[in-house]
Amino acid sequence: MDDLVGTPTEKLERFASLPPSSRPPRITLEEWKVLAIGANAVSDEYLIRLADQYRAALHPDLVVTYVVDRNINYSNVCTSICNFCAFYRSPGEEGGYLHSHDEIFRKVEETIELGGSGILMQGGLHPDLPLAWYTTLLRELKRRYRIHLHCFSPTEIYGISEATGLAWREVLLALKDSGLDSMPGGGGEILVDEIRRKRRSRVDSREWLEIMEIAHELDLPTTATMMFGHGEELVHRLEHLEKLRQLQDRTGGFISFIPWNFQPDNTPLGKAFPDRMTGSEYLRWLAITRLYLHNIPNLQVSWLTQGLEVGKLGLRSGANDLGSTMIEENVIRPAGAAHEATEDVLRNAIREAGFTPCVRNAAYRRLAPPGGRAPSYSVSSEQLLETAGRNASRSEARSEA
Ligand code: SF4
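Enquirer: Just to check I follow, could you spell out the overall build of the protein for this structure?
Expert: Of regular secondary structure, the protein possesses 16 helices and nine strands. Within the protein, contacts between residues separated by at least 24 positions form 78% of all contacts whose residues are at least 6 apart in sequence.

Rendered as structure tokens:
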């Protein structure tokens, strides 16, 4: 059947009967306004059922993935002043920090010891770091540990470009040549400039999308995110999804979508919007994103901001991924996301939801057969000990100098 034929409700219903690999119907932004937020909007239960069925069509093997990695926030110094952020310090402000490369190496070694396959590295928009600070770090991380490097959101690429005078493409090329494997979708927030201006986001929606498009052109896969529940209108959420779907149509470079709700604690914006989004509202929008972004293969439920119980329900609302163990997380936790989980906790949650757990890397490549645990796939323990020994000798040499 032609994907443009039928009423919005008929098109939506076709998601329920899709055989694997068939093309889902295209529901326009105007049609989604009717289905998701109009006076006759469809119910949560209906959306969740269809999203679960579409998840099963995309991922028929009943496997839910997760990643063991560490979120390394190399610096909290930032020239931006986003009013939803409890993490940053302005340049020169007390409490600002910048990790040395050696400190980052130590964190990576701890991550590998815990079975981690890679790192998610993000930071503020530091005004003084040259490009070589980033490229040397990436090269050395790759040389020493051969781990997956999932680093630097479009907002940081914008910041590095501003600090160095280089074009976005030059920055991305240099980072990729130095070992960058994929990019996180941080800074997506809501891709509607009316909202972004109010949130004091540094990068507007066109800039964020253009940096992503360049990354995809350079064969750097990326994730996409939506931070919602901070005073935006419901239609803004749909407009955000529409922009991502259009870019994905052109590039195919988004490997996953991660919607997470605003955490208000310790943020200026939290005074205006102190209430956390309920689990039921989150799950409704998780289901909508699964159906709207039918061209993005993976959907991650945010257990970090919603807790594991909602996380489990999310796996029956369209999501096929439970995200990361988050060995270290410094950005969302200060704003009130206090949930914690080990690899075992995530695996048990996946089983309790009726699925088989499978560890993956940041590019969503499965690293073990379904049911298998995180292997030691990056460096051997001998290599790790050798590296740790080298680092210790260097520290001693420095302290002797
Ligand atoms: S969200 Fe990112 S860019 Fe905005 S202030 Fe915080 S660290 Fe800086």
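Enquirer: Could you clarify how one ought to interpret the pairing of strand β4 (residues 148–151) in this entry?
Expert: Of the two faces of β4, the one lined by H148 and H150 and the one lined by L149 and C151 are each fully buried. Across four bridges, strand β3 (residues 118–122) lies against β4 in parallel orientation. By the bridge assignment, I119 is partnered in β4 with L149.

Enquirer: When you look at unusual backbone geometry in this model, what are you seeing that I'm missing?
Expert: Unlike most non-glycine residues, R200 shows phi in positive territory, near 60°. With respect to the helices and strands, R200 occurs in the loop between α8 (193–198) and α9 (205–217).

Enquirer: Any chance you could explain the packing of helix α7 (residues 168–177) against α9 here in plain terms?
Expert: Think of two packed helices as two axes; the pair is described by the angle between the axes and how far apart they sit. Two numbers describe how α7 lies on α9: the axes approach to 10 Å, and their chain directions differ by 45°. Classified by the angle their axes make, α7 and α9 are oblique. In the crossing of α7 with α9, the sense of the turn from one axis to the other is right-handed. Only I211, I214 and A215 of α9 make contact with α7, whose side of the interface consists of W168, R169 and L172.

Enquirer: Quick question: what am I supposed to make of the sheet that holds strand β1 (residues 63–67) here?
Expert: Within a sheet, each strand pairs with its neighbour through backbone hydrogen bonds, oriented either parallel or antiparallel. The sheet built from three strands is open, its strands ordered β8-β1-β9 with parallel pairing. What marks the edges here is a single partner per strand, and that holds for β8 (321–324) and β9 (356–360). Mean inter-strand twist for the sheet, computed between neighbouring axes without regard to direction, equals 25°. Strand direction decides the pairing type here: β1 and β9, joined by five bridges, are parallel. Considered in β9, the bridge of V64 is made with P357.

What counts, and where the lines are drawn
- Residues numbered from 1 in each chain as written.
- Predicted model: local features only at pLDDT ≥ 70, side-chain atom pairs only at ≥ 80, totals over all residues.
- Helix = DSSP H or I, 4+ residues; strand = E, 2+ residues; numbered from the N terminus.
- Contact = placed C-beta atoms within 7 Å.
- Buried ≥ 20, exposed ≤ 12 C-beta atoms within 10 Å, placed from the backbone.
- Pairing = 2+ DSSP bridges.
- Axes fitted to C-alpha atoms, helices over the stretch in contact; angles between N-to-C directions.
- Parallel < 35°, antiparallel > 145°, perpendicular 65-115°, else oblique.
- Left-handed = near helix turned anticlockwise from the far one by under 90°.

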